[in-house]
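# Structural description and commentary
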Amino acid sequence: MPFTLDRFDLDAFVAATLAEDLDGPVNGGGRDVTSQSVIPADAVFSGVMDSRDSVTVAGLPLAEAFFRALDPDVEITLLAADGDQVPAGTDLMRLKGRARAMLTAERSALNTVQHLTGIATMTRAYVDRIAGTGATLLDTRKTIPGLRVLEKYATRMGGAKNHRMGLWDAAMIKDNHVAVAGSVDEAVRRAVAAGIAEVIVEVDRIDQIEPAIAAGATHLLLDNMSPGVLRGAVTLVGKRVPTEASGGVTLETIRAIASTGVDYVSVGRLTQSAPAADIGLDFSNI
């Protein structure tokens, strides 16, 4: 099955990434001077991509696309699927094809899989930590520019739910919007009057909750509140709108936060701070 994501052009991503590495397009002047000078043109390699850590996999179809872009005849067997949780030492992909092409594509393929698998793996740890609380983990817009669609794909592979994809799909009224509008309720009224269906409002004080709901908020983001304050806020809201806890959430604190009764917990570090997974690719000449 082809790999497709809304608002993502796989061919353009692969071409731009390879062009960055080759100082030019693949078929228009770009060069891998090392492989071209050291590896015979007719050499064939086989290889295995494996995980050196226990991970939640993400990005294998993109790695495949890099290799196929340079060797359309490459033989690839995927041994795992995105979203799989695998132990250290698991083989993820076997491939066989033109040695120069595989060596040229190697770094781009690995960088992508390592980055996305790192995000999925951290996300899965957070999802597991709040299991049974009834809360759902959300990601945020704290993504690397240009990679948002892929990074949010990786959080889905780890078990999270995507929150806003951008500034276009919901209003998010935060403290700076409130400061300019003059009050929480005035900011919400303006968004509602503009015909925006989903109006998320960040509140950092209990006394902002009633004005926000009365003005038409459809979702409350309870920002940087302690578990005790969150429990009181959830009681006050009384399920009139969904509630989301956010702000400085860590793996150590998320279960206590999720246990307060909030519907969602959003964590920026899933995409902002996830370390790359330790995934390698070993070739042999055949």
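Look above for the structure.
Figured I'd write up the structure that's included with this text. (Residues numbered from 1 in each chain as written. Predicted model: local features only at pLDDT ≥ 70, side-chain atom pairs only at ≥ 80, totals over all residues. Heavy atoms only, no water.)

Scanning the entire structure with this criterion turns up 4 aromatic pairs. With centroids separated by 5.3 Å and ring planes inclined at 85°, the aromatic side chains of Phe3 and Tyr153 adopt a geometry described as edge-to-face. Highlighted residues: Phe3 in the segment before helix 1 (10–22) and Tyr153 in helix 5 (residues 148–157), separated in sequence by 150 residues. Grouping residues by exposure puts Phe3 and Tyr153 together as buried. In this arrangement the basic side chain of Arg7 is found over the ring face of Trp168, its NZ or CZ atom lying 4.2 Å from the centre. (Phe/Tyr/Trp six-rings, centres within 6.5 Å; stacked < 30°, edge-to-face > 60°. Helix = DSSP H or I, 4+ residues; strand = E, 2+ residues; numbered from the N terminus. Buried < 20%, exposed > 50% of the residue type's maximum accessible area, 1.4 Å probe, protein only. Lys NZ or Arg CZ within 6 Å of the ring centre and 35° of its normal.)

On to the packing of helix 1 against helix 3 (residues 60–70). Interhelical geometry of helix 1 versus helix 3 gives an angle of 65° and a closest axis separation of 10 Å. By the angle between their directions, the pair helix 1 and helix 3 is classed as roughly perpendicular. Crossing geometry of helix 1 relative to helix 3 is assigned as right-handed. Side by side, helix 1 and helix 3 meet where Leu10, Phe13, Val14, Thr17 and Leu18 of the first sit next to Leu62, Ala65, Phe66, Ala69 and Leu70 of the second. Its residues assigned to classes, the contact of helix 1 with helix 3 comprises 9 nonpolar, 1 polar and no charged. (Axes fitted to C-alpha atoms, helices over the stretch in contact; angles between N-to-C directions. Parallel < 35°, antiparallel > 145°, perpendicular 65-115°, else oblique. Left-handed = near helix turned anticlockwise from the far one by under 90°. Contact = heavy atoms within 4.5 Å. Nonpolar A, V, L, I, M, F, W, Y, C, P; charged D, E, K, R; others polar.)

Any two side chains of opposite charge can pair if their charged atoms end up close together. Tallied over the entire structure, the rule returns 15 salt bridges. Here the residues in one salt-bridge network are Asp50, Arg52, Asp278 and Asp282, joined through shared partners. (Salt bridge = Lys/Arg side-chain N within 4 Å of Asp/Glu carboxyl O.)

With that settled, the discussion passes to the sheet that holds strand 3 (residues 75–78). Sheet architecture is open: 4 strands sit in the order 3-5-1-12, paired in antiparallel fashion. Edge strands, defined here as strands with exactly one partner in the open sheet, are strand 3 and strand 12 (279–285). The average angle at which neighbouring strand axes cross in this sheet is 15°, direction not considered. In this sheet, strand 5 (residues 91–98) lies alongside strand 1 (residues 44–51) in antiparallel orientation, the contact comprising 7 bridges. The partner of Phe45 across the bridge, within strand 5, is Gly97. Each of strand 1, strand 3, strand 5 and strand 12 touches helix 3; the most contacted strand, strand 5, lies at about 5° to it. Contacting strand 1, strand 5 and strand 12, helix 4 (residues 99–129) runs over the sheet at an angle of about 165° to strand 12. (Pairing = 2+ DSSP bridges.)

Despite not being glycine, Asp23 has its phi angle at roughly 55°, a positive value. Within the element layout of this structure, Asp23 appears in the loop between helix 1 and helix 2 (33–38). Its relative accessible area of 73% is what places Asp23 among the exposed residues.

Where helix 1 meets helix 4, the closest approach of the two axes is 10 Å, and the angle between their N-to-C directions is 120°. With respect to their mutual orientation, helix 1 and helix 4 come out oblique. Seen along the crossing, helix 1 lies across helix 4 with a hand that is right-handed. Residues Phe13, Thr17, Leu18, Asp21 and Leu22 of helix 1 pack against Thr104, Ala105, Arg107, Ser108 and Thr112 of helix 4. The class makeup of the residues in the contact of helix 1 with helix 4 is 4 nonpolar, 4 polar and 2 charged.

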